[in-house]
Amino acid sequence: MTLTPAPRSSVSDHVFAQLRDAVLSGAYAPDTALPSERELAATFEVNRHAVREALRRLQQLGLVKVSQGGATRVLDWRLHAGLDLAMSSGDILPVSTLVRDMMEMRACLGADSARLCALRGTPAAKQRVAASVDALAAAAPDLDRMGEANVALWRAVVAGSGNTAYLLAFNSLVSGALAVGRVPSTLRTAELLDVAGHRRLSDHITAGAAASAFTQAQALLTAPLLAVQARKETRA
């Protein structure tokens, strides 16, 4: 992979993006050393401050380990990276099933959040879920508006679960928009337009019916996955 000089604007961003892509493409293999800061600065025709900032961001993503006074070594992203890598690098991450994988994670997180929300959600939290379903219904049949209402609904469910780790993971999924961003809207139509299904989910949560809330949430969130699988089988 050939590295090119940086443009005058967003210098650090340019260095970061090219080094990130080089690491993920395998141009720099795990446990090998990146060129020194001096060499990188010369290659990119930037100052060393821009290089240090780019390396700091790579380290935050779990792609490299920066050693003061020593070499910066490449890490295996499969062992060290988190969701932030998928959110910022989905286009070039070498995983052909990434969208499907994120959809599966969304379904698992949402279903268990619904279960926990039914078990331990406060009355106020459960009311926010019900109000979010009303907002989803009011947005129909505009799929774009329903998509936004859908995010607000699941945020209410996840927040109501009382699980901070789930909430942080949900925030990562939403900020990157990768979980549903590349799935054609036609494949999510059944999920978004199933207002009755979302009302059943809200009713189960309100009633404290944890098992039923889990099952209903799972049915809603796996609908796009089933649609994708059906399309593949039709093409086969």
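Summary of the structure given here. Small disclaimer: the values here were computed from a predicted structure and weren't measured. (Residues numbered from 1 in each chain as written. Predicted model: local features only at pLDDT ≥ 70, side-chain atom pairs only at ≥ 80, totals over all residues. Heavy atoms only, no water.)

## Considerations on unusual backbone geometry
Residues other than glycine predominantly adopt negative phi, and peptide bonds predominantly adopt the trans conformation.
Then step 1. A cis amide bond, omega 5°, links A140 with the succeeding residue P141.
Then step 2. Counting through the fold element by element, P141 comes out in the loop between α7 (123-139) and α8 (143-161).
Then step 3. Not every positive phi belongs to a glycine, and D31 is a case in point at roughly 75°.
Then step 4. Structurally, D31 can be placed in the loop between α1 (11-25) and α2 (37-44). (Helix = DSSP H or I, 4+ residues; strand = E, 2+ residues; numbered from the N terminus.)

## Topic: the nonpolar core
Then step 1. L19, Y28 and L63 are the most contacted members of the largest nonpolar core, which totals 31 residues.
Then step 2. Secondary-structure elements contributing two or more residues to this core are α1, α2, α3 (48-60), α5 (83-89) and α6 (98-120).
Then step 3. Counting residues per element, this core draws most heavily on α1, at 7 residues.
Then step 4. Discounting chain neighbours no more than four positions away, the residues touching L19 are L3, Y28, L40, F44, L55 and L58. (Core = buried A, V, L, I, M, F, W, Y, C linked by side-chain atoms within 4.5 Å. Buried < 20%, exposed > 50% of the residue type's maximum accessible area, 1.4 Å probe, protein only. Contact = heavy atoms within 4.5 Å.)

## Considering the packing of α6 against α8
Then step 1. Across the interface, α6 lies against α8 with an axial gap of 7 Å and an inter-helix angle of 55°. Judged by the angle between their axes, α6 and α8 are oblique. Relative to α8, the crossing made by α6 is left-handed. Facing R106, L109, G110, S113, A114, L116, C117 and R120 of α6, the residues of α8 in contact are N150, W154, V157, V158, G160 and S161. (Axes fitted to C-alpha atoms, helices over the stretch in contact; angles between N-to-C directions. Parallel < 35°, antiparallel > 145°, perpendicular 65-115°, else oblique. Left-handed = near helix turned anticlockwise from the far one by under 90°.)

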